[in-house]
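# Observations on the three-dimensional arrangement
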Amino acid sequence: MENQNSLRQILRRIDKKGYKAYKEIKGQYRFPDFLLFIDHVQGDPFAAPSKIRVRVPMQKAEIPNDLIQHPHRRSGTADAIIRIIHGEIRKIARMRRGTGKSGLISIDVGGQEIIPRSALKITDSFVEARMEIGLPARGRTVLSDEAEAMFFDELPRIIQNSMFRKNFDQEFVTRFAYYVQNYFAVQKQLKSKNLIAFIADRSVLPRESGVSQKPMPINDAVPFRSPRELKVKMELPNPVNGQTFIEGAGIPAGITLIVGGGFHGKSTLLQALESGVYPHIPGDGREYVVTNPAAVKIRAEDGRRIEKVDIRPFINHLPRQKDARSFCTDDASGSTSQAANIIEALETGAEALLVDEDTSATNFMIRDARMQALVHKQFEPITPFIDRIREMYDRFGVSTVLVMGGSGDYFQAADTVILMKEYVPQVVTEQARAIAEQFKTERRPEREFEWKTITERAPLPQSFDASKGKKEVKIEARGLHSVQFGTHTIDLRQVEQIVDISQTRAIGFALHFIARRWMDGQRTIRELMDLAETFLLKEGTDGLNPFRRDDEHPGNFALPRRFEIAAALNRYRGLKVRQKEE
Ligand code: ADP
Ligand code: MG
């Protein structure tokens, strides 16, 4: 460990030299209040910025035990501190100091969700921020004065204001910490109350616009109000406004139908449930929209690849003897893709499916009496969702929340029917049942056989090759919904519960990690995801980077769910699997 002055000396020595001279500053330096680790130095001013870590000993950071002993509180605290660092960077860092990324200082901050991320690590002995810094240059020559200003003025000020309890807004951090603990406490109560989701009264569900996840302004939004029939109380470990509980609507396990006129808020409600698998930042409006963590959005996704999925519960007797027990395609249709998405979700351990008519294949959802009369079942491979929805719950315990404004055929199937009327939910289960009695449909159930098992699959490790050209491992997130994996691009555009590009990056690396560590052609996807989930919960995402030495900036990761890792695995076009016997 060098003294901070050594860094200053090196910088002065390499002034005006070629950019490569910056490589010399790689190392560890002791500053008065923190340790600076320069782990990776970029090759030129346009390359990915250099990676640094700033470690503040806990004796100096003085984060109260109250905020970090409980793991959920710790996670909220970490997220809040990242946001404070981010805010200080914006206030203090001058940013543009030359060519390319010169002058940039950044930390990987989250959006509306609070997701454990690698950007900040809190242990009992230190707080460590993992950051990026663009080493300044004019053209390709080192600008020492600018670099000195970054390391010796901007960075220490940013750190001073954000990583020491005595300087940061303790109320802000406490709010995050207590809230995250509350969120998970509510999530835990869902099971014992036989619910799959909870939506607190006064939640603000609609978003600002189709391209912004910020809340709709409070004057425009109609706040959520639970119908009397669904009202439940959830205990809160940390009181909110002096109350130790919170009231709202409980969505029961089983089959829930959301009906209502177009533009009355059905999809908005479902989207809130999709995103309710994550906690949200205070002020988001969805803080206490809490969903079963194993709830998976299901949609049609034509064009996707499918590798040996047993889709027979939904699709059978395909033309030209195409095999539905081991269904493969490089270009799925709407209905086959939706069928595969469901089977794969169940295979991965989903406990609830979230389905919206807006993004479903019509012929997968309904086949009415008239169509049954015209097109004989013998020539219709599809068993529509309506004929399996009950069985999925009764046999596999998988609930469904379905938005369906277009067909009353589902009335019989539903345990709960919620009507959205001008954004206000009402329970209309009894009326729907009465109508189903009064207007008998001639539709016949088309379930051909009992759905007894889900045919599991074991991925083959040799099908995962992350190499590209000279690079042994080439994995990169290319935007929120695309991963480059070796020579392949994994298209995740329709995997809607990925909410953070650092999750996308983690998913790419997780595939490689899982393939190398646990895939053996025997373990099923479910077993692999169990192992991955346990590993990530225990170790965090730091270990995913295959190049990282123990004490180094790990790269920017945010924790993905098993369902999104499996979704990427299933969409990887190189995937080969062995199907298990039934
Ligand atoms: P549906 O699926 O029933 O057709 P959407 O959920 O797509 O309707 O909502 C239609 C519009 O209403 C959207 O622009 C949405 O932002 C807005 N909206 C939804 N819920 C609310 C609400 N609670 N308050 C105000 N506007 C809302
Ligand atoms: Mg809709």
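Residues numbered from 1 in each chain as written. Chains lettered and ligands numbered in written order. Predicted model: local features only at pLDDT ≥ 70, side-chain atom pairs only at ≥ 80, totals over all residues. Heavy atoms only, no water.

### Brief notes about the site of ligand 1
- Every one of the 14 residues lining ligand 1 counts as a neighbour, but Val 222, Phe 263, Lys 266, Ser 267 and Thr 268 are closest to it.
- Here an oxygen atom of ligand 1 sits 3.2 Å away from a polar atom, N or O, in the main chain of His 264.
- A distance of 3.2 Å is found between an oxygen atom of ligand 1 and a side-chain nitrogen or oxygen belonging to Tyr 423.
- For ligand 1, the protein covers 79% of the area, taking 560 Å² as the surface of the free molecule. (Near = heavy atom within 4 Å. Polar contact = N/O pair within 3.5 Å; in protein donor to acceptor, adjacent residues only side chain to side chain. Areas by Shrake-Rupley, 256 points an atom, 1.4 Å probe, with all protein chains shown as cover.)

### Quick word on the pattern of salt bridges
- All told, the structure shown has 55 salt bridges when counted by the stated rule.
- Two residues, Arg 117 and Asp 108, come together in a salt bridge whose shortest N-O distance is 2.9 Å. Neither residue differs from the other here; Arg 117 and Asp 108 are each classed as buried.
- Residues Arg 395 and Glu 450 are paired through a salt bridge, measuring 2.3 Å at the closest nitrogen-oxygen approach. Pair noted here: Arg 395 is in helix H11 (residues 389-396) and Glu 450 is in the loop between helix H12 (429-438) and strand S24 (457-459), with a separation of 55 residues, a long-range link.
- One network of salt bridges, with partners in common, ties together Asp 39, Arg 53, Arg 55, Glu 128, Arg 130, Asp 542 and Asp 551. (Salt bridge = Lys/Arg side-chain N within 4 Å of Asp/Glu carboxyl O. Buried < 20%, exposed > 50% of the residue type's maximum accessible area, 1.4 Å probe, protein only. Helix = DSSP H or I, 4+ residues; strand = E, 2+ residues; numbered from the N terminus.)

### A short note on the coordination of the magnesium ion (ligand 2)
- Coordination of the magnesium ion (ligand 2) by the protein involves Ser 267 (OG) and Asp 358 (OD), with metal-donor separations of 2.1 to 2.3 Å. With Ser 267 in helix H7 (residues 266-275) and Asp 358 in the loop between strand S20 (352-356) and helix H9 (362-365), this residue pair connects regions lying 91 residues apart in the sequence. (Donors = N, O, S within 2.8 Å, 3.2 Å for Na, K, Ca; no water.)

### A closer look at the domain arrangement of the chain
- Each assigned domain of the chain is listed here: domain 1 (2-168), domain 2 (190-454) and domain 3 (457-579).
- Just the C-alpha atoms count here: the centres of domain 1 and domain 2 sit 44 Å apart.
- With eight residues of domain 1 at the interface, the matching set in domain 2 holds 13 residues.
- Buried surface at the junction of domain 1 and domain 2, summed over both partners, amounts to about 720 Å²; 57% is from carbon and sulfur atoms.
- On the domain 1 side of the contact with domain 2, Gln 112, Glu 113 and Ile 114 bury the most area, a combined 78% of that side's loss.
- For the pair domain 1 and domain 2, the number of links is zero salt bridges. (Domains from an automatic or database assignment. Contact = heavy atoms within 4.5 Å. Buried area = accessible area lost by both parts, 1.4 Å probe.)

### Focus on the packing of aromatic side chains
- What the rule picks out here adds up to 19 aromatic pairs.
- Taking the centre distance of 5.3 Å and the plane angle of 25° together, the rings of Phe 31 and Phe 152 count as stacked. Remark: Phe 152 occurs in helix H5 (residues 144-162) and Phe 31 occurs in the loop between strand S2 (27-30) and strand S3 (35-40); sequence separation between them is 121 residues.
- According to the relative accessible area criterion, Phe 152 is buried, its value standing at 15%.
- Over the aromatic face of Phe 152 sits the side chain of Arg 8, whose NZ or CZ is 4.1 Å from the ring centroid.
- The lysine or arginine in question, Arg 388, covers the ring of Phe 449, its NZ or CZ lying 4.8 Å from the ring centre. (Phe/Tyr/Trp six-rings, centres within 6.5 Å; stacked < 30°, edge-to-face > 60°. Lys NZ or Arg CZ within 6 Å of the ring centre and 35° of its normal.)

### Observations regarding the sheet that holds strand S26 (residues 482-485)
- Reading across the sheet, the three strands line up as S25-S26-S27 and stay open at both edges, with antiparallel pairing between neighbours. What marks the edges here is a single partner per strand, and that holds for strand S25 (475-477) and strand S27 (488-491). Within this sheet the neighbouring strands show an average axis-to-axis angle of 20°, counted without direction. (Pairing = 2+ DSSP bridges. Axes fitted to C-alpha atoms, helices over the stretch in contact; angles between N-to-C directions.)

### Some remarks on the pairing of strand S23 (residues 424-427)
- Pairing of strand S22 (residues 416-421) with S23 involves four bridges; the strand directions are antiparallel. In the sheet register, Met 420 faces S23, and the bridge partner there is Pro 425.
- The turn linking S22 back onto S23 is made up of two residues, and Glu 422 within it adopts a positive phi angle of 45°.

### Description of the sheet that holds strand S14 (residues 243-252)
- Spatially, S13-S14-S10-S16 is the arrangement adopted by the four strands of the open sheet, whose pairing is antiparallel. A single partner strand is all that each edge strand has here, and the edge strands are strand S13 (231-240) and strand S16 (289-291). Taking each pair of neighbouring strands and ignoring which way they run, the sheet shows an average axis angle of 30°.
- Here strand S10 (residues 195-200) pairs with S16 via three bridges, running antiparallel.

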